[in-house]
Amino acid sequence: MSLVTTSMHAHRQALMACTKCPELGKCVPPVGPTTASLFIIGQSAGENEVDQGMPFVGPAGKLLNKLLEAAGVERADVFLTNAVHCHPPRNGESSADELDNSGPYLVAELLMVRPKAVLCVGKDGWRVFGKRIPWGHGVFIMKASPRVLVSYHPSYFLRQGNEEGFLKLADKVKEMLS
């Protein structure tokens, strides 16, 4: 089955049946409409995400919700996924093999949704674009199609006690979508 030409329902089923990384925990499929203008790529599924079966539902997800609200974007209108769809037991950066194994699923999602803008939160989400986009918080590529904004993961800002640092991206999110 071609991952690119299937329906999102079939894509999610294929993702849930994947056994490429047996050392990883449960898979968390993406959520959101295939008509979304904004596509958000996180790192990998966390414990909260595994428990609830969807991305960005833990503390980092709550901070992401604040960013979306500040940018005037409804979460229900956003496509949410991860660079690695499964939960790594160590909660660290994903290995090159894990990213390679999950990469075709993520590319298929991008091709099915064809968003206007992509927000990569965390280094793993950024790695999808390789070295074509510089790494760093607030890196904004307006001329790309889709437009791309790179940020540190919201959990980084929570650990630093600096929610405002993440929320400063709201204006760039608005600009990406205009």
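What counts and how
- Residues numbered from 1 in each chain as written.
- Predicted model: local features only at pLDDT ≥ 70, side-chain atom pairs only at ≥ 80, totals over all residues.
- Heavy atoms only, no water.
- Core = buried A, V, L, I, M, F, W, Y, C linked by side-chain atoms within 4.5 Å.
- Buried < 20%, exposed > 50% of the residue type's maximum accessible area, 1.4 Å probe, protein only.
- Helix = DSSP H or I, 4+ residues; strand = E, 2+ residues; numbered from the N terminus.
- Contact = heavy atoms within 4.5 Å.
- Pairing = 2+ DSSP bridges.
- Axes fitted to C-alpha atoms, helices over the stretch in contact; angles between N-to-C directions.
- Phe/Tyr/Trp six-rings, centres within 6.5 Å; stacked < 30°, edge-to-face > 60°.

**Q** Help me understand the nonpolar core, please; the structure alone is not making it clear to me.
**A** It is characteristic of soluble globular proteins that their nonpolar side chains tend to be buried jointly. Formed by 27 residues in total, the largest nonpolar core has its most connected members in F39, I41, V118 and C120. Looking at this core, the elements with two or more residues in it are α1 (8-17), β1 (38-44), β2 (78-84), α4 (96-113), β3 (117-121) and β5 (147-151). Per element, the largest residue contribution to this core is seven residues, and it comes from α4. Beyond its immediate sequence surroundings of up to four residues, I41 is in contact with T81, N82, A83, L106, V118, L119, C120, V121, G125 and F129. Counting residues in each nonpolar core, the second largest holds 22 residues, with F56, L68, A71 and F157 among its members.

**Q** How should the sheet that holds β5 be read in this particular structure?
**A** Hydrogen bonds along the backbone pair up the strands of a sheet, which may run parallel or antiparallel. Taken in spatial order, the five strands of this open sheet run β2-β1-β3-β5-β4, and their pairing is mixed. At either end of the open sheet lies a strand with only one pairing partner, and these are β2 and β4 (139-141). Shown here is a sheet whose adjacent strand axes are inclined to one another by a mean of 20°, direction ignored. In this structure, β1 lies alongside β2, joined through six bridges in parallel fashion. When the bridges of β2 are listed, G42 appears paired with N82.

**Q** Please explain the packing of aromatic side chains as it appears in this structure.
**A** In the structure shown here, the tally under the stated rule is five aromatic pairs. Their ring planes at 15° and their centres at 5.0 Å tell us that F39 and F79 sit as a pair that is stacked. One end of the pair, F39, is in strand β1; the other, F79, is in strand β2, with 40 residues separating them in the sequence. Judged by its relative accessible area of 0%, F79 is buried. Both rings, one in Y152 and one in F157, keep their centres 6.2 Å apart while their planes meet at 35°; by these two values the pair is tilted.

**Q** What's the story with the environment of G125 in this structure? I'm lost.
**A** Tracing the backbone shows G125 in helix α5 (residues 123-127). Separated by 85 residues in sequence, G125 and I40 place their C-alpha atoms 8.5 Å apart. Apart from residues no more than four positions distant in its own chain, G125 is found in contact with I41, G42, A83 and C120.

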